[in-house]
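# Summary of structural features
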Amino acid sequence: HTHTLRAAQQAGDYPKMIALLDSQLEENPDNLNMMVQKFQLMVGPMNDSEGYGIGWDMLKKHRNNSQLLNMLAWYTLDDGDVKDRDLDFAMAAAKASNEASGGNNPAVLDTLARAYYEMGNYDKAVKIQKKAVEFAGDDAMGDDIRKTLETYEKKAKGSSA
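Overview of the structure. What you see as residue numbers is a count from 1 along each chain, following the sequence as written. Two thresholds apply to this predicted model, a pLDDT of at least 70 for residue-level local features and 80 or more for giving and counting side-chain atom pairs, whereas whole-chain, interface and lining totals are computed over all residues. Only hydrogens and water are set aside when side-chain values are computed; all heavy atoms of the structure are taken into account.

## Some remarks on the environment of Ser101
Topologically, Ser101 is positioned in the loop between helix H6 (87-100) and helix H7 (106-118). For Ser101, the side chain forms a polar contact with the main-chain oxygen of Asn98, separated by 3.1 Å. In DSSP terms, a helix is any run of H or I states spanning at least four residues, a strand is any run of E spanning at least two, and both are numbered starting from the N terminus. Any N or O atom pair separated by 3.5 Å or less is treated as a polar contact, with the protein-specific requirement of one donor-capable and one acceptor-capable atom, and with residues adjacent in sequence counted only for side-chain atom pairs.

Encoded structure:
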């Protein structure tokens, strides 16, 4: 199974990849991994906004899966393959992820702040990013989160001036 999927992927044959994923999802409708692949494929390289339907489905069914929701939100907000970013979906997934994680996970807060930032709500982005910094460690991710806060603060100052 996976071998054929990889071959289709290397060939860039998206319809074939979707067909393969669909047949696997028929056998295992709860296979999150496959669903995520289908979502990313559709909203990314295929630029098919119907992929967000799959995203909303996962969001409804897996509201306590913080890691999954954070990944869906971040992919939507940040991945270079995504041309049509559904910010409402990204925001909903980021908020749900933040709730599921208890509101103290720096990676999740970083994603939520980014959603506010992309929506043009710079003050709120700064507020959430500051929270991310509070919980961030002294590691590469923490450094990124602190750098991002500076970017948001500059933008917030510029927009209120």
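## A short note on the pattern of salt bridges
Pairing between side chains becomes possible if they bear opposite charge and their charged atoms approach one another. One side-chain nitrogen of Lys or Arg within 4 Å of one carboxyl oxygen of Asp or Glu is enough to make a salt bridge. Per the counting criterion, the structure on display carries six salt bridges. The partner of Arg146 in a salt bridge is Asp138, with the nearest N and O atoms 3.7 Å apart. For each residue, the accessible area found with a 1.4 Å probe, counting protein chains only, is set against the maximum for its type, and the residue is called buried under 20%, exposed over 50%, and partly exposed in between. A residue is classified by how much of its surface remains accessible, and Arg146, at 26% relative accessible area, is partly exposed. A salt bridge links Arg146 to Asp143, with the nearest nitrogen and oxygen atoms 3.0 Å apart. Highlighted residues: Arg146 and Asp143, both in helix H9 (residues 140-160), separated by three residues, approximately one helical turn. Overall, the relative accessible area of 39% leaves Asp143 in the partly exposed class. When salt bridges with common partners are traced through the structure, they connect Asp78, Arg114 and Glu118 into a single cluster.

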